[in-house]
Every structure is written in structure tokens, then in C-alpha cells.
Amino acid sequence: MITRKLFAFLAFSLISGFIFSQGGIKGKITDESGNDIPQVDVYIKSLSKGTTTSENGTFEILNLERGDYNLTVSSLGFTAISKSVSIDNSVVDIGTLVLSSSYEIMDVVVISGSRKLEKITESPATINVIGVRQLNNFVGSPAELFAQQKGVDFARTGAFIGGINVRGFNSAFNPKMLQLDDNRYSTLIATGLAFGPMSPIIKEDIERIEIVLGPSSALYGPNALNGLINTITKSPYKYQGTEIVVGAGSNSLFSTRLRHAKKIGDKWAYKITGESTTGREIKWTDSVYVAGSLVGQPGKPLVGVPEVDLDRDVSFLKGQASVFYRPTESSEIGLTYGASKSNFISVTNAGRNSIKDWNISYLHATYKSNHWFGQLYKTWSSSDKTFNNNTRTANYWALIAGGETHEAALENSFSGPGAITPVFTDASERLNAELQYNNNWGNLDLTLGSQLQKDDAYSKNTYLIDADGPIKIDQLGFYGQLKYAFNESGFNLIFAARGDDHDLFGFNFLPKAGITYNRPNGTWRLTYGKGFATPTILNTDMNLFGGLILGNGVGFTRSDDTKVAPLKPETIQTFEVGYKGQMADGKLFLDVNAYYNTSDDFISPLTQIAPTGLAGGPVITQRGDQPITDFTEGLAPGVFDPGAFILTYLNFGNVNTYGFDAGLNYYISNNYNISFNYSFFDYSLDTNDMANDGNGDGKVTILDLPINTPKNKISSAFNVTFDKFYGSVLTRWVQKYDFFSGRNVAAKTNTDIIIGGSPVVENQRVGTQWNYGQLGGFYLSVNAGFKISDTFSLGGYINNIAGSGNYEFVASPPSETMYGVELKISL
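Small disclaimer: the values here were computed from a predicted structure and weren't measured.

Chemist: Looking at this structure, how should I read the overall build of the protein?
Modeler: Helices and strands together make up the secondary structure of the protein, namely seven helices and 54 strands. Counting only C-alpha atoms and orienting by the principal axes, one finds that the protein spans roughly 85 × 60 × 45 Å. Considering the protein as a whole, with its 827 residues, one finds that 60% of them fall into the buried category. Taking the contacts inside the protein whose residues are at least 6 apart along the sequence as the reference set, 65% of them involve residues at least 24 apart. Accessible surface for the protein amounts to roughly 31,600 Å². Of this, 57% is attributable to carbon and sulfur atoms. Within the protein, the 79 negative side-chain charges are centred at a point lying 4 Å from the centre of the 67 positive side-chain charges.

Structure, rendered in C-alpha cells:
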């Protein structure tokens, strides 16, 4: 199979490069002071074709037919300009064009909507952009900037960790948001979770962050179901020099970050980045419930105890080294090595994990030119000390009840006699290759691409069914997009499609189509897209807690011969209408969208598939064609019969979701601007359709399809920028909402809902988790800095001035007021 896929990938590489030689345009771009500006986006609107300037500000666009064209020149932080050019069969030199500084949102250029450069107003998707100027004028972690984006659910899970989701169906273990770093998949191999804080990229090396709302699978493949985040780093040709940042703050925060970049001659450039951050997590412990008999209270079935021996130390050590070479002015070769080592507390569906010395590393080679983009990269993930706090705590109290001392129980809680090991080992790796070709003929713009992915997931039998070696899964995908511009009418038709061949789930076809209508002040769009999420390796091959939790890659059989079907991909279809544009003489930027989604074959939360097994009903007898006892040998003898209690993942249900997002940015002047974002989300669920009964209890409730997102949310910001001073006042309001995920509950009182034998009641135990009530609330933060000189800047922040005490996520401490200061040295 590998040979077939590799042959197909290479065949695509050989046949897709037909290019017509015609006329062209060349020129040079400088700023108001006459300095060359590299990496400026230069493109022809009617053709959706363009390039970027070289290190000396020059550019060249070739293969153009005879005719008249409108050339647009734009770069982050500068006002875009347009120039009419007439060409014949020769290359026309238009001389030097000058860009002036600006904060204009209309001029931002993005890549994530169509996998090619285009103005944000003309992208066939809803895209939020956090640009380099925002990042430069913001002190500390950019997490609060994520929280300000329309359509984005942001939640802190501790003092230093936060996560985001888009358009519902969040969970404590959410792989539905795809994370890209410089177009490289940045997700864990086995779980599909985004790297998040483990990414080796540092803030000072980010040029922009693009957040795409809604399914993007047609161009980016599986698991861009809810959307994607693409972090694009700075080119050393464009951003040279050295930056050193030293920061300190609450929760014992101390951080040092470094970026150094230099251009060597006309061809070579390199950059080096690094970060060391340490701190202490908020003083809070999750609820762990053990049998009352283990803690001297035999009259109580379950008693809450704190996580034992909890280590709150947090640390991140990360960095990258890159070298680039430009054989010609329009081509570039790059090689990057990045690595990180992380220690923190993370939230899962089965209690919190203590992440210990988790190492991420990658080697990434790229090639870019006017028509071609290629990349080849290898990713490694490793850890042998990470453990589940709940399991270790339960082991500890069982050992204490057995007569062991405190010290012995702590030591043996990891691997002692009768203990279920809480330790996770990861020694996984992934190989990715991609080749993309784009070109333009008249009004037709073409993008073709192919991607190959080879996953080797290996837990050494600690949380996957991989005693015989790594689990190997291969995927091959082909994608394409056609865009046709109807001359000067302003209408553009877009069609994209993707075909993916997956070792486990076969072939899947994903279409996307849209129409945009471009006017001088903005663009209307109507789009349709289909997305899908393949079950992760964890979904299909997990084995936790002695066989209590098993992956569902091959299905199950009960003792009454009924079957549990194996997992298949989850799908979503989306219709969206939107508008991006400006008004009020260019001072007001408006971005609005409305969408309607139909989702099918949800991958459920962990579900008990022998619901009456503990009461003498049918039990699980087989996983695939193997006896269930092959997987439950880790269970303590006499607890209950093997197969009477098995948790796994299922496909079920259909739900329709809908909503709209509105974003306003008003520029009072070049020094002041205001932003306001509002998002609405709701759903419809047929409670009479038993296909939606995910947990098999005979009725359809919110537990079957937990939406886990607020109905309404609002954010606003008031920003001030002068030559020396910059500052922001940030607010956000998240309507209170219920959240159910695995054992985790955060909900208002509803005694009609039963979880683990307990009615849902605020501020008491529900199942095996304490219910602190609904998530959400109001938050207020301030952020400011002062440029002492060209070399030194000093800034500070106070987050959650209002909002302290609100719970933002399950199994996580309430928000605290946090503060910090940073000194930046720019050389």
C-alpha cells in the first residue's frame, strides 16, 4: 500500500507542472524613507495571481497574457496601493512603488482560506487575523488576543494554559480544531490534539495568526472539522535583528525569550529562537472519588479526596533554528529544526494528567516559488513520565488501605502490586510530504496539491493496544481548487475538492463551492463546504485502566450476540453567507457571517456499551475477533466480571446547528481604534429520533450530544497607539452554559439528568466529579507598554481584573487576577 501511495504522490508531482510562457510585470517596492521592503504581497485582483518581493524589494510576475491589469501591492502595517498596467508579450518594468504606514484591516493578506495569497476581504471563508503589529503592541501571552476573536470559544484551564474551539461540540479532549505552524501539521500523533503550549514557536517570531471559522477539510484534510489555526512565522529576510524579552509575574512566572535573525548577502538568511518559561499552577486540586472503605468511611460509597502529591510546577523550554537560501529572486529553500520540552497539568475526559518532560521535535524542509510549494517534515513526540492524577490517587488510597506507609504508597502508586499503572509512554513519530502547484490562465486560477502522511503511534502498551509495536496508519490526499473571475463584473466562482485514502476508513470525497461578489468597498460571499474528522488512533486503539476504556476500531460483540459497530468518520456540511467590507470613508471595517450546519455520525464521548452488565444483563465478550479477557487482564480480580463495564467511542446522531458572527473595527484616528465582536450559536435536535440516543439509555438528552458552547458571547477592545505608548482595554462576556465531557460536569441544576447514578445539582458531587456550576462570565483586562528608546520597551498587563472566580473550563481552577511585566530589548 505504501508503494502505491508513494507512486501516486510522485506521479502527481511529475504531471502537474504545465506552464505557458507569456508576458509579465516587474518592479520594486520601498517605504517612505526609501528602504527596500521584502515579503510584500503583489497580486493581480482579476486573476487572483501574485508573488512576494525579494529581500531587496523587487518582484516579477510572469506568464501573463496580453492585456490591461490592475496590480495591488500590500503588506501588513502598510496602506495597499493599486496600479494599472498594460502588457504585451514582454516583461513591463513599472519602476519603484512607495508604501506608507497604515493600520488598515482591508489591506491584510491571508493564505489559509484558499491555500494561496489573497486579500482577506476576498477570501471565501471567515478568517480572523492577529497581525504582527497587534502582537508587537501586546505584552505577555497572546492568549487574551485569541479570546477577543469573533466566533471563537476561549477558555483558560490554568494559570498558563488556554484552549480554543469554534462553533460548538467542544470537549475536554478536542481534536476537531486543526493547528498548523507554517503550514505544518502541529498535532500529537496518537490523540490528534493540537500542540498548543508545546509548540516550539515563540511569540516574537510570529508574523500573523490566521483563524479560519468552519470546516476546511476540502483543502486541509481530516480534522479541520470545526476550523483551523495557522501560525505564520517571520521571514529572516524581512525581519532582521535581535530581540530579547524578560518577563515576570504572578504565579511565580519568569520567562526569557530570544529571537535573532540575519540576512547574509543576497541569497542566505537564518534565524534562531528560544524560550524558557517557568511558573506555579493555581493552588487548586480536582476532585477524585474513591471507595469510602479505602479512607475509613465504609458507610459512604464514594468519598472525595485531593489529587495526591500534586506537582504544580510548570515549565516550557522551546526553540527553533532555521536557514533559508534563495536560488533566484522568486524561489526559496528552507530548513527548520524545532523542539520543546513541557511540564504542566492538562485536562482530559478521565481526570487531569500531569504532563512530565513531554518532548516535541520536528525537522521541516520547504520549497517556495511563484508556482510551486513543497514541504517534507518529520515530527517526533516522546514522554515516559506523564501520568493520570486520578489513577495514581486511587492507587495510593488502595495501597494505604492495604497497610502500606505514606512513602511506600506514593512510590508504589505508579507501578506497585495490584495498581493500575497511571503512567503514559509516548514514542510516536509522523512523516508528512506535500506538493502544491498553482497557476493562472486568463480569468482561471488553478491550485492543485497532494499530501502524504505516515503515522507511527507507539505507547509501549501504556495507553494504546500496541504490545506488538507501533500502530502504523497511512493517508494520501489530493486536493484542487478552481477560481474563475468574470472579468470586471466582480463575480468569482470557486470550486474545491479533496479525495483522501485512509488505511482504516477508505476513500472520502469532500467538495467545497462558493461565489464571491467583489465591490470597491467589500466582498459578499456564499459558500458550501463539507468537512470530516477521522477517528484518532486513540479513538480506535486506546486501552486504559486495565481494559475499562478501549478503542473502537474493530467493533464489539455482546453476550446476546448484538454488535457494536466500529467507528467511522464524523461529517459536517455547512452553508455560509458573509460580507467583509468598509464604510464611513474607510474608518469602519465590518465582517459578518451567518451559517447553518448539518452534522452526522458524531464520535461520542466515552460510553458504557454494556449498560446493564453490572446488573446481570448482557456483557461484552469480544473486541473484534479477540476475547474481551485479552484486554481486561489488568483489572483487579473480583471487582466485577470482565466485559460488564466497558467504555468506548460510538458513532451516532444528527444535529443541526446555526449561528452568526459580527465584527466591527472602527478607526477613530491613526492613534485610536475600537473593536466589537458578537457571536450567536444555537442548535436543533430531534429528541424523538433514537439514533440520537448516544448512551443507550432509551431517551435523548443533552448528554447524548453535548453542544458545550455558549449561546451568546461578546468581546470588545479599545486600543491606543502612539510613537512611544501603546495600550488596550479588553472586555469579554460569555453567557453561562452547561458543559458535559466524559466524567466532567459543569452545569446548572437539572435533576432530570442522571450521571453515574447522581442527579445534576450545582455544588455537589455528580457521578465522580464535583459540579461547580455553569461556565462563563464577564472578564476585564488591561495591557500597556512604553517604548523608552529604540532599544528598550517596558510593558505590563493585568488580566481578569473583573472575572476572578469564574469557571472557564471543566476540571480546572476558577479564574484569578493575574499580572506581569516585560522588558524588551531590540538590537
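More follows now that the structure is in view.
Chemist: Looking at this structure, I do not really get the pattern of salt bridges. What am I missing?
Modeler: Any two side chains of opposite charge can pair, given that their charged atoms come close. Under the criterion given, the structure shown has 28 salt bridges. A salt bridge links Asp205 to Lys271; the shortest N-O distance between them is 3.0 Å. Of this pair, Asp205 sits in the loop between strand 14 (184-185) and strand 15 (206-213) while Lys271 sits in strand 19 (residues 268-280); the two residues are 66 residues apart in sequence, bridging distant segments of the chain. Note on accessibility: Asp205 and Lys271 belong to one class, buried. A salt bridge links Asp682 to Lys711, with the nearest nitrogen and oxygen atoms 3.4 Å apart. With Asp682 in strand 43 (residues 672-684) and Lys711 in the loop between strand 43 and strand 44 (712-721), this pair connects stretches of sequence that are 29 residues apart.

Chemist: Just checking my understanding: could you explain the sheet that holds strand 6 (residues 81-87) for this structure?
Modeler: Within a sheet, adjacent strands bond to each other through the backbone by hydrogen bonds, running parallel or antiparallel. Across the sheet, four strands lie side by side as 3-2-5-6; this open sheet has antiparallel pairing. Edge positions in the sheet fall to strand 3 (49-52) and strand 6, since each has one partner strand and no second. Sheet twist, expressed as the average angle between the axes of neighbouring strands with direction ignored, equals 25°. By the bridge criterion, four bridges tie strand 2 (residues 41-44) to strand 3 in an arrangement that is antiparallel. Paired with Val42 across the bridge in strand 3 is Thr51.

Chemist: Got a minute to help me understand the sheet that holds strand 39 (residues 620-623) in this structure?
Modeler: The four strands are arranged 35-34-39-40 in an open sheet whose pairing can be described as antiparallel. Sheet topology places strand 35 (563-564) and strand 40 (626-627) at the edges, where each strand pairs with a single neighbour. As paired strands, strand 34 (residues 556-558) and strand 39 are joined by three bridges and run antiparallel to one another. When the bridges of strand 39 are listed, Phe556 appears paired with Arg623.

Chemist: Can you walk me through the nonpolar core in this structure?
Modeler: As a rule of thumb, soluble globular proteins bury nonpolar side chains together. If you look at the biggest cluster of nonpolar residues, it comprises 21 residues, and the most contacted ones within it are Tyr463, Leu464, Met542, Leu544 and Ile549. Residue assignment for this core shows that the elements contributing at least two residues are strand 28 (471-485) and helix 7 (537-541). Ignoring anything within four residues of it in the chain, the contact list for Leu544 reads Phe424, Thr462, Tyr463 and Ile549. Of all hydrophobic cores here, the second largest spans 20 residues; its members include Ala147, Met177, Ile206 and Ile211.

Chemist: So what exactly am I meant to see when it comes to helix 5 (residues 389-401) here?
Modeler: Residues separated by three or four positions in an α-helix point in the same direction, a consequence of the helix having 3.6 residues per turn. The end-to-end C-alpha distance of helix 5, which contains 13 residues, comes to 18 Å, matching closely the 18 Å that a straight helix rising 1.5 Å per residue would cover. Residues Asn389, Asn390, Thr391, Arg392, Thr393, Asn395, Tyr396 and Leu399 constitute the buried set of helix 5. On its buried face, helix 5 is in contact with strand 20 (287-291), strand 21 (302-306), strand 23 (331-348), strand 24 (351-369), strand 25 (372-388) and helix 6 (406-412). The N-cap of helix 5, judged by a side-chain oxygen 3.1 Å from the amide nitrogen of Asn390 a few residues on, is Asn388. Looking one or two residues past helix 5, Gly403 carries a phi angle of roughly 105°, positive in sign.

Chemist: Quick question: what am I supposed to make of unusual backbone geometry here?
Modeler: What is expected of a backbone is that most residues other than glycine have negative phi and most peptide bonds are trans. The backbone of Asn183 shows a phi angle near 65°, a positive value even though the residue is not glycine. Relative to the helices and strands, Asn183 is located in the loop between strand 13 (177-181) and strand 14. Even without being glycine, Ala811 reaches a positive phi, approximately 55°. Along the chain, Ala811 falls in the loop between strand 53 (792-802) and strand 54 (818-826). Exposure remark for Ala811: the relative accessible area of 5% places this residue in the buried category.

Chemist: Would you mind showing me how to read the side chain of Thr648 here?
Modeler: Mapped onto the fold, Thr648 is located in strand 41 (residues 647-648). Since its relative accessible area comes to 0%, Thr648 is described here as buried. At 2.6 Å, the side chain of Thr648 and the backbone oxygen of Leu550 are in polar contact. Dropping the residues within four chain positions of it, Thr648 is found in contact with Leu550, Gly551, Asn552, Phe556, Ser604, Pro605, Leu606, Thr607 and Ile609.

Chemist: Can you help me understand the pairing of strand 10 (residues 126-131) in this one?
Modeler: On a regular strand, each side chain points to the face opposite its neighbour's, so the side chains alternate between the two faces of the sheet. Where burial is concerned, most of strand 10 is hidden: six out of the six residues are buried. Relative to strand 15, strand 10 is paired through six bridges, and the arrangement is antiparallel. Bridge assignment links Thr126 to a residue of strand 15, and that residue is Leu213.

Chemist: Would you mind going over the packing of aromatic side chains with me for this structure?
Modeler: The relative placement of two aromatic rings is captured by the distance of their centres and the angle of their planes. Under the counting rule described, the total for this entry stands at 19 aromatic pairs. Each ring, one from Tyr737 and one from Phe739, has its centre 6.5 Å from the other, and the planes form 55°; the classification is tilted. Judged by relative accessible area, Tyr737 falls into the buried class, the value being 11%. Accessibility expressed as a relative area gives 0% for Phe739, which makes it buried. The structure contains a cluster of three or more aromatic residues connected by ring pairs, namely Trp284, Tyr772 and Tyr807. Sitting above the plane of the Tyr362 ring, Arg184 keeps its charged end 3.6 Å from the centroid. Over the face of the ring belonging to Tyr779 we find Arg732, whose NZ or CZ atom lies 4.2 Å from the ring centre.

Chemist: Got a minute to help me understand the environment of Gly24 in this structure?
Modeler: Positionally, Gly24 belongs in strand 1 (residues 23-30). Once the C-alpha coordinates of Gly24 and Ile87 are considered, the two residues, 63 residues apart in sequence, prove to be 6.9 Å apart. In this structure Gly24 touches Ile61, Leu62, Leu64, Ile87, Ser90, Val91 and Val92, once residues within four positions along its chain are discounted.

Chemist: Looking at this model, I keep getting lost on the pairing of strand 54. Mind explaining?
Modeler: Where strand 17 (residues 241-249) lies against strand 54, seven bridges are found, and the strand directions are antiparallel. The residue of strand 54 that forms the bridge with Val246 is Leu823.

Chemist: Could you clarify how one ought to interpret the confidence of the model for the protein in this entry?
Modeler: Low pLDDT means the predicted atomic positions in that stretch should not be read closely. Averaged over every residue, the pLDDT of the protein is 87; residues scoring 70 or more account for 92%. Predicted confidence for residues 12-21 stays below pLDDT 50, and this span has 24 contacts to residues more than four positions away or in other chains.

Chemist: I'm lost on the environment of Gln451 in this one. Help?
Modeler: In this fold, Gln451 is placed in strand 27 (residues 444-457). At 2.5 Å, the side chain of Gln451 forms a polar contact with the side chain of Arg498.

The rules behind the values
- Residues numbered from 1 in each chain as written.
- Predicted model: local features only at pLDDT ≥ 70, side-chain atom pairs only at ≥ 80, totals over all residues.
- Heavy atoms only, no water.
- Helix = DSSP H or I, 4+ residues; strand = E, 2+ residues; numbered from the N terminus.
- Buried < 20%, exposed > 50% of the residue type's maximum accessible area, 1.4 Å probe, protein only.
- Contact = heavy atoms within 4.5 Å.
- Areas by Shrake-Rupley, 256 points an atom, 1.4 Å probe, with all protein chains shown as cover.
- Lys, Arg positive; Asp, Glu negative; His and termini not counted.
- Charge placed at Lys NZ, Arg CZ, Asp CG, Glu CD.
- Salt bridge = Lys/Arg side-chain N within 4 Å of Asp/Glu carboxyl O.
- Pairing = 2+ DSSP bridges.
- Axes fitted to C-alpha atoms, helices over the stretch in contact; angles between N-to-C directions.
- Core = buried A, V, L, I, M, F, W, Y, C linked by side-chain atoms within 4.5 Å.
- Expected span 1.5 Å × (residues − 1).
- Polar contact = N/O pair within 3.5 Å; in protein donor to acceptor, adjacent residues only side chain to side chain.
- Phe/Tyr/Trp six-rings, centres within 6.5 Å; stacked < 30°, edge-to-face > 60°.
- Lys NZ or Arg CZ within 6 Å of the ring centre and 35° of its normal.
- pLDDT = per-residue confidence, 0-100.

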